[in-house]
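Given next are the chains, with one letter for each unit.
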Amino acid sequence: MKKTLALFTALTLATSLFAVEIGKPAPDFTGTDINGKTVKLSDYKGKIVVIESYNSDCPFCHNQYASGAAQDLQKDLAAKGVVWLLVNSVSAKNFSHRTPEQAQKEWADLKINATAWIDDTSGTIGHLYEMKTTPHVFVIATDGTLVYDGAMDDRPQPFGDPHTAKNYVRAAVDDLLAGKPVEIPQTKPYGCAVHYAN
């Protein structure tokens, strides 16, 4: 029994060491974008960074982009110096997987205004950040601290206009730019489960 308890405690501690946590440094990562460029989170130190778990085949994620709400937000925040990274962790075996060529076309067709689309087919970044749904969004402060983890907004519906919702990402960034603590640091993400390989 003691050995079992010790093993459970060790596993719990090991898990907590890698889990993302509000107020703690966001885990660094290296990935490759859909144009073959290496992207490192640490390259954006000193900037506010938004990370979004992305899969446009998910109706919730699709609605954010079909309505233009996500692109409008990306454009607004980019004008304020914010970096926005899409992370697509869909397994290559899933029908929603995008090859780099398919992703480039989707980027152009949807007029995405993010900084980069990272191909995370291995699920490494998704698992590192415990991305549960598409979308699932994280906001990182200029000092590298995670300050928001959760839903894009307070409207968990795959239809209608997300422009009318309270956008938690915008609110978190506005708080940071105003030099204030993020008022709502965590919410429950909604959407479709991420289609990891394992």
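In the block above lies the structure referred to throughout.
One structure accompanies this document, and this report is about it. (Residues numbered from 1 in each chain as written. Predicted model: local features only at pLDDT ≥ 70, side-chain atom pairs only at ≥ 80, totals over all residues. Heavy atoms only, no water.)

Some words on the overall build of the chain
Across its full length, the chain holds six helices and nine strands. Taken over the C-alpha trace, the chain has a radius of gyration of 17 Å; the compact-globule value for 198 residues is 16 Å, and the two agree within 12%. Dimensions of the chain, computed from C-alpha atoms along their principal axes, come out at roughly 55 × 45 × 35 Å. Among the 198 residues that make up the chain, the fraction classed as buried is 47%. For the chain, contacts bridging at least 24 residues in sequence account for 73% of all contacts bridging at least 6. As presented, the chain carries roughly 10200 Å² of accessible surface, and 58% of it is formed by carbon and sulfur atoms. (Helix = DSSP H or I, 4+ residues; strand = E, 2+ residues; numbered from the N terminus. Rg over C-alpha atoms; globule rule 2.2 N^0.38 Å. Buried < 20%, exposed > 50% of the residue type's maximum accessible area, 1.4 Å probe, protein only. Contact = heavy atoms within 4.5 Å. Areas by Shrake-Rupley, 256 points an atom, 1.4 Å probe, with all protein chains shown as cover.)

Quick look at the state of the cysteines
One pass over the full model with this rule turns up one disulfide. Note that Cys58 is cross-linked by a disulfide to Cys192, the S-S spacing being 2.2 Å. Note on the Cys58 and Cys192 pair: the S-S dihedral is about 85 degrees, so by sign convention the disulfide is right-handed. In this pair, Cys58 sits in the loop between strand S3 (49-53) and helix H2 (59-66) while Cys192 sits in strand S9 (residues 192-193), placing the two residues 134 residues apart along the sequence. The two residues Cys58 and Cys192 agree in class, both being buried. Of the cysteine sulfurs around Cys61, a residue in no disulfide, the closest is that of Cys58, at 6.0 Å. (Disulfide = S-S within 2.5 Å.)

Let's talk about the packing of aromatic side chains
Summed over all chains, the structure comprises six aromatic pairs. Judged by centre distance (4.9 Å) and plane angle (70 degrees), the rings of Tyr54 and Trp117 are edge-to-face. Remark: Trp117 occurs in strand S5 (residues 116-119) and Tyr54 occurs in the loop between S3 and H2; sequence separation between them is 63 residues. For the pair Tyr54 and Trp117, a shared accessibility class is recorded, and that class is buried. On the numbers, 5.7 Å between centres and 65 degrees between planes, the contact of Phe60 with Tyr190 is edge-to-face. On the criterion of sequence distance, the pair formed by Phe60 in helix H2 and Tyr190 in the loop between helix H6 (168-177) and S9 is long-range, its members being 130 residues apart. Taken together, Phe29, Tyr129 and Phe138 form an aromatic cluster joined through their ring pairs. (Phe/Tyr/Trp six-rings, centres within 6.5 Å; stacked < 30°, edge-to-face > 60°.)

Section: the sheet that holds S3
An order of S2-S1-S5-S4-S3-S7-S8 is seen for the seven strands of this open sheet, with the pairing classed as mixed. Strands at the two margins of the open sheet, each flanked by one partner only, are strand S2 (38-40) and strand S8 (146-150). The mean angle between the axes of side-by-side strands here comes to 30 degrees, regardless of whether they run parallel or antiparallel. Bridging between strand S7 (residues 137-140) and S8 involves four bridges; their strand directions are antiparallel. Residue pairing across strands places Ile140 opposite Leu146, the latter belonging to S8. In this fold H6 packs onto S3, strand S4 (83-88), S7 and S8, with an angle of close to 5 degrees to the strand it touches most, S7. (Pairing = 2+ DSSP bridges. Axes fitted to C-alpha atoms, helices over the stretch in contact; angles between N-to-C directions.)

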